[in-house]
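Read off the chains here:
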Amino acid sequence: MLILSITLSLLIAVLILLFGRMIIPKNILRFYFIPLSFSLYLIITFINQNCIVVYDIIELLKFNLLIISLSFIINNITYIMMTLVIFITFTVSIYSLSYMEGDPHILRFLSYLSLFSFFMVALITANTLIQLFLGWEGVGICSYLLISFWYQRIEAIKSAMKAIVVNRFGDIAFIMIIIILWSSYNSINIMSIDSICCNSICYVTIIMMIISATSKSSQFGLHSWLPDAMEGPTPVSALIHAATMVTAGVFFLIKFSFILEMAHEWLIIIMVLGSFTSIFSATIGLAQSDFKKIIAYSTSSQLGYMIAILGLSYYSLSLFHLFNHGFFKALLFLSAGSLIHTLSDEQDGRKSGIVAKSSPITYTCTIVGSLALMGIPFLTGFYSKDVILELTYANIMLTNIYLLTLFAACITAAYSIKLIFWAFFNNATSAALIEKLKHGSSSYLITVLIILCLASLFTGYFYSNYFVLEISPIVNSNYKNLPLIATIISALVTLLCLKNLNGSNLFNNFLNEAWFINEFYNYAFNDKIFDIGKVLFVKMDKQMVELIGPKLGSITIINLIKKINMLQLGSISNYFIMFLTLMILLIIKC
């Protein structure tokens, strides 16, 4: 039955493409409600059994010791991730029926969403490296299709291409992992590798794993694609950031935690990478004025927390923060989408505001999502984020890591307050506000926001014992409340200094340009690569390769044909000599 729940998203995508035009678009909700509710029911039914189930469906290829089979694994991690992915896909799809209403290609959009969900579920349940790689590539392809959904916009195409190119680094690293693990253990079955791996591992494998997770989860160095992905429709942003694309890297490291535990010195690098990404992305988010980019950089920052705590080997806590983050991040993005829809597609916070009274539900949901992101007690984000900060503080060897994550939490509070103020209390005079509030909120949109708001309020509390029951960091009571105090102080300071957050001084420009990382890549790599490519094209492709390949072949054939033509001159004497020569050769041979 669980196999059916894995393939239901693919079935929905096919049904919408084949039969979607035969029904009223709003009735497409039935395609989602029945099968996805069934999937959630199955997951909730099996989640308390606390067992590992492996389904070996069919053997696809067998060559010597290489056996490629279709195999699924269902365990506690799978249950949690499937619950998150299917629930967020369900809510985003319902939301899209309202948000994308009037778009002539809404059926294609909905089918892409379901296909995205299918590949993510396939990645989560994979028990072989090949299946995992197919799911890994599938979510990348679907992200390209969804980011470039409005393909008439040049920026959307550029952003989709950038996402694909940057993630190629992770894909190449993933292929290297498959090759190394296969050559080391003669198996691509993940459970088999877990059971037979020894206490040592090739360091190249760890490096490739870090690169793969860095590209997929938008960590420092390979982070630049994620903010640009905001060019796609807002429901796409919610799905990518909350439950699919960016969570794949964190899930990948959790799934292969048995390999990470063999190289403790590399865990320090993972911890530093995550903590630096959290502060790096938070500072950039503070200087942004676009609603969606502020939330996008907050995603990268929160992913930094998840990666950092993996370096301390608290894999369940990282998964808990990923689970909690999915709900309030989806709420923030969909609330921002509702706000943008209300403001006639205006995304610049400096041109919006004073809509709290006209959009009370959006206002309330944005407040709840922002407070959960800040880690305010007793909202969903608090139950995982606070424990992460306590654990980094409890380890006296990690003072610098704790300071980085604490400072990132303070900046998170700052840009969250800025987002709320700009969205609802800013006295802007944009054309959208002066004219009128064109769009009201439909029942679908409001329902989804309320559901996600409730999840952002209570999910962390209900699941806290399940994830952190055995985690009890020893922290001095004087410092236990330090993150909360620092967050409140940061929020209050932000309220007093809102007008100066987006000035034109050098520091703000530095942050607003994302530390000039893109410019550095263009100067250091892109321009050089284009120059090298031009030389290779002119010298090798147009000269050497053509000379060795097509030109050499054509010249050889032409010369041969000319020599053969010399025999066909129409002279009887030539024909007699040829006949006589052939007869002599035939007699000699006989």
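Cut-offs and rules
- Residues numbered from 1 in each chain as written.
- Predicted model: local features only at pLDDT ≥ 70, side-chain atom pairs only at ≥ 80, totals over all residues.
- Heavy atoms only, no water.
- Helix = DSSP H or I, 4+ residues; strand = E, 2+ residues; numbered from the N terminus.
- Contact = heavy atoms within 4.5 Å.
- Patch = residues over 30% accessible without salt bridge, like charges linked within 9 Å, V, L, I, M, F, W, Y side chains within 5 Å.
- Areas by Shrake-Rupley, 256 points an atom, 1.4 Å probe, with all protein chains shown as cover.
- Salt bridge = Lys/Arg side-chain N within 4 Å of Asp/Glu carboxyl O.
- Buried < 20%, exposed > 50% of the residue type's maximum accessible area, 1.4 Å probe, protein only.
- Expected span 1.5 Å × (residues − 1).
- Pairing = 2+ DSSP bridges.
- Phe/Tyr/Trp six-rings, centres within 6.5 Å; stacked < 30°, edge-to-face > 60°.
- Core = buried A, V, L, I, M, F, W, Y, C linked by side-chain atoms within 4.5 Å.
- Axes fitted to C-alpha atoms, helices over the stretch in contact; angles between N-to-C directions.
- Parallel < 35°, antiparallel > 145°, perpendicular 65-115°, else oblique.
- Left-handed = near helix turned anticlockwise from the far one by under 90°.
- Nonpolar A, V, L, I, M, F, W, Y, C, P; charged D, E, K, R; others polar.
- Disulfide = S-S within 2.5 Å.
- 1 Å grid on protein atoms, 1.4 Å probe; cavity = no way out; pocket = protein on both sides within 12 Å on 5 of 7 lines; lining within 4 Å.
- Points joined across faces, edges and corners; volume = space filled by probe spheres on them.

Engineer: Quick one: what's the story with the side chain of S224, residue by residue and with numbers?
Structural biologist: Looking at where S224 falls in the secondary structure, it is placed in the loop between α8 (203-216) and α9 (225-228). Setting aside chain neighbours within four positions, we find S224 in contact with K162, V166 and N518.

Engineer: So what's going on with a nonpolar patch on the surface? Which residues, and what values?
Structural biologist: Together, F576, I577, L580, L582, I584, L585 and I588 give the surface a local cluster of nonpolar side chains, amounting to about 740 Å² of exposed area. Residue L585 is classed as exposed on the basis of its relative accessible area, which comes to 51%.

Engineer: Pulling in residues and values, what's your account of helix α4 (residues 106-125)?
Structural biologist: Its 20 residues place the ends of α4 29 Å apart at the C-alpha level, agreeing with the 28 Å of an ideal helix rising 1.5 Å per residue. The element α4 is extensively covered by neighbouring structure, given that 17 of its 20 residues are classed as buried.

Engineer: Now, about the pairing of strand β2 (residues 66-74): what can you tell me, with residues and values included?
Structural biologist: As paired elements, strand β1 (residues 53-63) and β2 share nine bridges and run antiparallel to each other. Looking at the pairing, L61 lines up with I68 of β2. Hairpin geometry of β1 and β2 is characterised by an intervening segment of two residues between the two adjacent antiparallel strands and by a positive phi of about 55° at N64.

Engineer: Explain the packing of aromatic side chains residue by residue, including any values.
Structural biologist: The full count for this structure, using the stated rule, is 24 aromatic pairs. With centroids separated by 6.0 Å and ring planes inclined at 80°, the aromatic side chains of F276 and W515 adopt a geometry described as edge-to-face. A residue pair is termed long-range when its members are at least 10 positions apart, and F276 in helix α13 (residues 264-287) and W515 in the loop between α23 (506-512) and α24 (517-565) qualify at 239 residues. By relative accessible area, which is 28% here, F276 ends up partly exposed. Seen from their ring centres, F378 and F382 are 5.7 Å apart, and the 70° between their planes marks the pair as edge-to-face. The structure contains a cluster of three or more aromatic residues connected by ring pairs, namely F133, W136, F174, F252, F256 and F258.

Engineer: Which residues make up the pattern of salt bridges, and what are the values?
Structural biologist: On inspection of all chains with the given rule, the structure shows four salt bridges. In this structure, E137 and R168 form a salt bridge, with 3.5 Å as the shortest nitrogen-oxygen distance. With E137 in helix α5 (residues 129-147) and R168 in helix α6 (residues 154-185), the pair connects residues that are 31 residues apart, well separated along the chain. Look at R168 and you get partly exposed, because its relative accessible area is 32%. Here E231 makes a salt bridge to R153, at a shortest N to O gap of 2.8 Å.

Engineer: Describe the nonpolar core, and please don't skip the residues or the numbers.
Structural biologist: Membership of the largest hydrophobic core comes to 156 residues, with the highest contact counts inside it found for I88, L181, F252 and F256. Sort the elements by how many residues they give to this core and helix α15 (residues 315-342) lands first, with 16 residues. Here I88 is in contact with L239, A242, A243, G326, F327, A330 and L452, once residues within four sequence places are set aside.

Engineer: So what's going on with the side chain of N167? Which residues, and what values?
Structural biologist: Along the chain, N167 falls in helix α6. Residue classification places N167 among the buried residues on the basis of a relative accessible area of 2%. Residues contacting N167, with those up to four places away along its chain left out, are S215, K216, W225 and M245.

Engineer: Account for the packing of α13 against helix α14 (residues 291-310), naming residues and giving values.
Structural biologist: At a minimum axis separation of 7 Å, α13 and α14 run at an interaxial angle of 160°. Considering the angle they form, α13 stands roughly antiparallel to α14. Our pair here, α13 against α14, has a crossing hand that is left-handed. Here L267, I270, M271, G274, S275, T277, S278, S281, A282, I284 and G285 of α13 come into contact with α14, specifically with I294, Y297, S300, S301, G304, Y305, I307, A308 and L310.

Engineer: Quick one: what's the story with the packing of α6 against α8, residue by residue and with numbers?
Structural biologist: Orientation of α6 relative to α8, taken along the N-to-C sense of each, is 150°, at an axis distance of 8 Å. Classed by the angle they form, the pair α6 and α8 counts as roughly antiparallel. Of the two elements, α6 crosses α8, and the hand of that crossing is left-handed. Listed contacts from α8 to V166, N167, F169, G170, D171, A173, F174, M176, I177, I180 and L181 of α6 are V204, T205, M208, M209, I211, S212, S215 and K216. Class assignment for the residues of the contact of α6 with α8 results in 12 nonpolar, five polar and two charged.

Engineer: Give a description of the state of the cysteines that names residues and reports values.
Structural biologist: Evaluation of the coordinates by the stated rule reveals zero disulfides. Free cysteine C365: the closest other cysteine sulfur is in C453, separated by 4.3 Å. For C453, a relative accessible area of 10% puts it in the buried group.

Engineer: I'd love a proper account of empty space enclosed by the protein, names of residues and values included.
Structural biologist: Think of a ball as big as a water molecule: rolled over the atoms, this probe shows where empty space is left. One pass over the structure, following the stated rule, counts five cavities of 30 Å³ or more. In this structure, the largest cavity occupies an estimated 90 Å³ of space. Within the residue set of the lining of the largest cavity, elements represented by two or more residues are α17 (382-394) and α22 (482-496). In terms of residues, the lining of the largest cavity owes the most to one element, α17, which gives four residues. Here the lining of the largest cavity is built from residues that sort into eight nonpolar, two polar and two charged. For the second largest cavity, the calculated volume is near 50 Å³. In terms of lining, the second largest cavity is formed by F291, I295, L332, S335, A336, L339, T366, L419 and A423.

Engineer: Any chance you could break down unusual backbone geometry for me, citing the residues and the numbers?
Structural biologist: Going from P377 to F378, the amide bond is cis rather than trans, its omega being 10°. Even without glycine at this site, S218 takes up a positive phi of about 55°. By the element assignment, S218 lies in the loop between α8 and α9. Judged by its relative accessible area of 1%, S218 is buried.

On their own, these measurements won't tell you what the molecule is for.
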